[in-house]
Amino acid sequence: MTSQILIIEDEEKLAQFVQMELEYEGYKVTVANDGMNGLMQARNANHDLIIMDWMMPGISGLEMCRRLRQTGNKVPIIMVTARDEIKDRVAGLDAGADDYVVKPFSIEELLARVRVNLRRTKGENSDRLEFDDLKLDRRTREVFRGDRKIELTAKEFDLLEYLLDHPQQVLTRDRILENVWGYDFMGDSNIIEVYIRYLRLKLEANQEPRMIQTVRGVGYALRYS
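Residues numbered from 1 in each chain as written. Predicted model: local features only at pLDDT ≥ 70, side-chain atom pairs only at ≥ 80, totals over all residues. Heavy atoms only, no water.

Chemist: Any chance you could explain helix α1 (residues 12-24) here in plain terms?
Modeler: Over its 13 residues, α1 extends 18 Å from the first C-alpha to the last, a length consistent with the 18 Å expected when each residue adds 1.5 Å. Among all positions in α1, only A15, V18 and L22 are buried. The buried residues of α1 occupy an angular sector of 70 degrees when projected down its axis, which confines them to one face. One or two positions beyond α1, positive phi appears at G26, with a value near 105 degrees. (Helix = DSSP H or I, 4+ residues; strand = E, 2+ residues; numbered from the N terminus. Expected span 1.5 Å × (residues − 1). Buried < 20%, exposed > 50% of the residue type's maximum accessible area, 1.4 Å probe, protein only. Arc of directions from axis to C-beta.)

Right, here's the structure in full:
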């Protein structure tokens, strides 16, 4: 299921940029440009994660955190701010923020923080991953498509596990290579295409619909046709 992210940021250009990058990664994004509207959206809609600025018109990000936590809202919150002193970080975390990113930040860092916080709430370390009729068990290293058991090599399993950890997201070849083969991989750069082909042959052996989609010029995504 696609993760829902709320951005609460009064700098509209920055909000639009972050929204574009998150949507490119496969997330569904909503934007609020002031504190009161952001607080209302955070309370009235189900989000998997909130990215909020500290300094906001209407109500500050710090106060929003406090109010959300006081009402039992446990959605992960990443606080974004130009305040970089230790006391400010402590204040943000004490108010209920789960993470803290200082402006100016790299979008790569923010995306990494988003992934980490979503993994915590979605239980990435649980034994079972599912997408439609595809099921993977980390503990037993078994894979099923419906009732059909699929035998995979160790690296095929690792690649499929990574795709299942990021359903609906477009994963670049570089990200896949780094996370499945490792940063120091020095082999054939076409290795991903080879293993994607192996996986497709096994997952579609009984003419099942294709799940691993090619995003031309970018990479791959596990999603419906």
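Chemist: Whenever I open this one, the pairing of strand β12 (residues 219-222) confuses me. Can you help?
Modeler: Where a strand is regular, its side chains alternate between the two sheet faces. Pairing of strand β10 (residues 170-172) with β12 involves three bridges; the strand directions are antiparallel. Its bridge partner lying in β12, L171 is registered against Y220. Where strand β11 (residues 212-215) lies against β12, four bridges are found, and the strand directions are antiparallel. Its bridge partner being in β12, I212 is matched across the sheet by L222. Here β11 folds back onto β12, and the loop between the two strands holds three residues, one of which, G217, carries a positive phi near 80 degrees. (Pairing = 2+ DSSP bridges.)

Chemist: Please explain the packing of aromatic side chains as it appears in this structure.
Modeler: Geometry of an aromatic ring pair is reported as the spacing of the ring centres plus the angle between the planes. All told, the structure shown has two aromatic pairs when counted by the stated rule. On the basis of an interplanar angle of 70 degrees and a centroid distance of 5.6 Å, the ring pair of W181 and Y195 is categorised as edge-to-face. Here W181 is found in helix α7 (residues 173-181), whereas its partner Y195 is found in helix α8 (residues 191-203), with 14 residues between them in sequence. Each member of the pair, W181 as well as Y195, is classed as buried. Centroid distance Y195 to Y198: 5.4 Å. Interplanar angle 70 degrees. Geometry classified as edge-to-face. Here Y195 and its partner Y198 are both found in helix α8, three residues apart, which amounts to about one turn of the helix. The exposure class of Y195 is buried, given its relative accessible area of 19%. Judged by relative accessible area, which is 35%, Y198 ranks as partly exposed. Joined through ring pairs, the aromatic side chains of W181, Y195 and Y198 make up one cluster. (Phe/Tyr/Trp six-rings, centres within 6.5 Å; stacked < 30°, edge-to-face > 60°.)

Chemist: Any chance you could explain the packing of helix α3 (residues 61-70) against helix α4 (residues 86-95) here in plain terms?
Modeler: What describes two packed helices is the angle between their axes and the distance between those same axes. Put simply, α3 and α4 touch, their axes get as near as 8 Å, and they point 25 degrees apart. What the angle tells us is that α3 and α4 run roughly parallel. Side by side, α3 and α4 meet where L62, C65, R66 and R69 of the first sit next to A91, G92 and A95 of the second. Each residue belonging to the contact of α3 with α4 can be placed in one class, and the counts come to four nonpolar, one polar and two charged. (Axes fitted to C-alpha atoms, helices over the stretch in contact; angles between N-to-C directions. Parallel < 35°, antiparallel > 145°, perpendicular 65-115°, else oblique. Contact = heavy atoms within 4.5 Å. Nonpolar A, V, L, I, M, F, W, Y, C, P; charged D, E, K, R; others polar.)

Chemist: Explain the nonpolar core to me, please; I cannot follow it from the model alone.
Modeler: Within soluble globular proteins, side chains that are nonpolar generally end up buried alongside one another. If you look at the biggest cluster of nonpolar residues, it comprises 26 residues, and the most contacted ones within it are L159, L160, L164, I176, W181 and I212. Secondary-structure elements contributing two or more residues to this core are β6 (128-131), β7 (134-137), α6 (154-165), α7, α8 and β12. Excluding anything up to four places from it in sequence, L164 contacts L129, E130, F131, L134, L136 and L222. (Core = buried A, V, L, I, M, F, W, Y, C linked by side-chain atoms within 4.5 Å.)

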